[in-house]
Amino acid sequence: MRSPIIISVVNHKGGCLKTTVTANLGAALARAGKRVLVIDLDAQQNLTASLIGPYTSENAQFTLYDALIDELGLDNLILPTSTAGLDIIPVTEEFAGADLSLVSAVGREGILKSCFRKTKALADYDFILLDNPPSISLVVMNSLVASDYFIVPCSAEYLPMVGLTLLANSVEQMRKLVPNLQSLGVILTMFSRNERICRQVENTLRRELAGNIFDAKIRVNTKAKSAPSVQKTIFDYENSSKGRGTEDFTELAAEFVERLEERENQFLMAANG
Ligand SMILES: Nc1ncnc2c1ncn2[C@@H]1O[C@H](COP(=O)(O)OP(=O)(O)O)[C@@H](O)[C@H]1O
Ligand SMILES: [Mg+2]
């Protein structure tokens, strides 16, 4: 596979597990021996708080916001997490102003990609996962333009499913800017086998999206609500190979790599004519 492969985790809806998927898919891949960098692009700092705890611009001389505004490399922003092989670029609260600052920038959708080009350490990673804010904004466009693939966590309920159409339309618009951007699939989250609506949503999406949906699902799990409060991934928090989240994210990571290998082979075949 090419490396690094850059993947945006997107959905304009909040609470569909973008941040949880970024952290725990990242941890699962790292536990499988991959080198993974996760980047927090949401000024709400949920990914940052989940993996390394409180982080403010007072902790840092130079922040992701500064890098984006001045179009600089991100090498000095990378921090380790408690999971070996999993690093993070944290975000500070001032990132809330990023969208407004980007509006007047030349080539405003491609600034993050330009920062990536200037970041030497990116070559050290197999995967880079970008956690996005719950919006369709310039920050999200920058994330997609900088990515090879995107994944869409979607809670297994009626309203989030309806919202997927809006997301699909805006990503389709994005393809004008990034023709090579590919969907790796929708991930059903907050799944509960006992709830009829979950089964209905799953059936509808599998029918409508065909292969563009992961077999692996993330089930409702109360432990997943507490894990971030002590800066633990679901693996460390459950500390059991039979933990519900441990099982779900291990399965998701295996399918993620499988899907990528398939797509990357197609990509290479196309590139070689
Ligand atoms: N498997 C799960 N079951 C139930 N709640 C979960 C699960 N995983 C995470 N949560 C909780 O759901 C909420 C939303 O998740 P989050 O990943 O922050 O969504 P998003 O980033 O899309 O807004 C968080 O408070 C989180 O603790
Ligand atoms: Mg989030």
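Residues numbered from 1 in each chain as written. Chains lettered and ligands numbered in written order. Predicted model: local features only at pLDDT ≥ 70, side-chain atom pairs only at ≥ 80, totals over all residues. Heavy atoms only, no water.

Asker: Lay out the overall build of the chain with the relevant residues and their values.
Answerer: Counting its secondary structure elements, the chain contains eleven helices and seven strands. Relative to its length of 273 residues, the chain is compact, with a C-alpha radius of gyration of 18 Å against a globular reference of 19 Å. With the C-alpha coordinates of the chain rotated into their principal frame, the extents come out at 50 × 45 × 35 Å. Counting only residues that meet the buried cut, the chain has 52% of its 273 residues in that class. For the chain, contacts bridging at least 24 residues in sequence account for 80% of all contacts bridging at least 6. Entry remark: accessible area of the chain is about 12,800 Å², with carbon and sulfur atoms responsible for 50%. Side-chain charges in the chain split into 27 positive and 32 negative, and the spacing between the mean points of these groups amounts to 7 Å. (Helix = DSSP H or I, 4+ residues; strand = E, 2+ residues; numbered from the N terminus. Rg over C-alpha atoms; globule rule 2.2 N^0.38 Å. Buried < 20%, exposed > 50% of the residue type's maximum accessible area, 1.4 Å probe, protein only. Contact = heavy atoms within 4.5 Å. Areas by Shrake-Rupley, 256 points an atom, 1.4 Å probe, with all protein chains shown as cover. Lys, Arg positive; Asp, Glu negative; His and termini not counted. Charge placed at Lys NZ, Arg CZ, Asp CG, Glu CD.)

Asker: Tell me about a nonpolar patch on the surface, and name the residues and values.
Answerer: A contiguous nonpolar patch, built from Tyr158, Leu159, Val162 and Ile197 and spanning about 390 Å² of accessible area, is present on the exposed surface. Here the nonpolar patch gets three residues from one element, more than from any other, and that element is helix H7 (residues 158-174). One can find isoleucine 197 in helix H8 (residues 196-209). (Patch = residues over 30% accessible without salt bridge, like charges linked within 9 Å, V, L, I, M, F, W, Y side chains within 5 Å. Salt bridge = Lys/Arg side-chain N within 4 Å of Asp/Glu carboxyl O.)

Asker: Describe the side chain of asparagine 11, and please don't skip the residues or the numbers.
Answerer: Note on placement: asparagine 11 falls in the loop between strand S1 (5-9) and helix H1 (18-31). Judged by its relative accessible area of 4%, asparagine 11 falls in the buried class. Within the local environment of asparagine 11, its side chain forms a polar contact with the backbone oxygen of proline 153, the two atoms lying 2.9 Å apart. Filtering out sequence-adjacent residues up to four positions away, asparagine 11 remains in contact with Cys16, Lys18, Pro133, Pro134, Val152, Pro153, Cys154, Leu164 and Leu167. (Polar contact = N/O pair within 3.5 Å; in protein donor to acceptor, adjacent residues only side chain to side chain.)

Asker: Could you give an account of helix H6 (residues 138-145), naming the residues involved and the relevant values?
Answerer: Of all eight residues making up H6, seven are buried, and the element is well covered by its neighbours. On its buried face, H6 is in contact with S1, helix H4 (98-103), helix H5 (111-117), strand S5 (127-131), strand S6 (149-155) and H7.

Asker: Tell me about the site of ligand 1, and please be specific about residues and values.
Answerer: Neighbouring ligand 1 are 14 residues; Gly15, Thr19, Thr20, Arg219 and Asn221 lie closest to it. A distance of 2.7 Å separates an oxygen atom of ligand 1 from a polar atom in the backbone of glycine 15. Here asparagine 221 contributes a backbone N or O atom positioned 2.8 Å from a nitrogen atom of ligand 1. In isolation ligand 1 exposes 570 Å². Once the protein is present, 80% of that is buried. Elements with a contribution of two residues or more to the shell around ligand 1: H1 and helix H9 (223-226). Sort the elements by how many residues they give to the shell around ligand 1 and H1 lands first, with three residues. In the shell around ligand 1, the residues fall into six nonpolar, five polar and three charged. (Near = heavy atom within 4 Å. Nonpolar A, V, L, I, M, F, W, Y, C, P; charged D, E, K, R; others polar.)

Asker: Any details on the pairing of S1? Residues and values, ideally.
Answerer: With five of five residues buried, S1 is to be regarded as a mostly interior element. What you see with S1 is no split at all: Ile5, Ile7 and Val9 on one side and Ile6 and Ser8 on the other are buried throughout. Examined bridge by bridge, S1 and S5 share five bridges and lie parallel to one another. Along S5, the bridge assignment pairs isoleucine 6 with isoleucine 128. Inspection of the sheet shows S1 paired to S6 by three bridges, in the parallel sense. Within S6, the position partnered with serine 8 by the bridge is phenylalanine 150. (Pairing = 2+ DSSP bridges.)

Asker: Mind laying out the packing of aromatic side chains, listing which residues take part and the relevant values?
Answerer: Applying the stated criterion across every chain, the model contains one aromatic pair. A ring pair is formed by phenylalanine 127 and phenylalanine 256, whose centres lie 5.5 Å apart and whose planes are at 75°; its orientation type is edge-to-face. With a gap of 129 residues between them, phenylalanine 127 in strand S5 and phenylalanine 256 in helix H11 (residues 244-271) connect regions that are remote in the sequence. When the ring centre of phenylalanine 191 is taken as reference, the NZ or CZ atom of lysine 217 above it lies at 4.3 Å. Here the guanidinium or amino end of arginine 259 rests over the ring plane of phenylalanine 214, the centre of that ring lying 4.6 Å away. (Phe/Tyr/Trp six-rings, centres within 6.5 Å; stacked < 30°, edge-to-face > 60°. Lys NZ or Arg CZ within 6 Å of the ring centre and 35° of its normal.)

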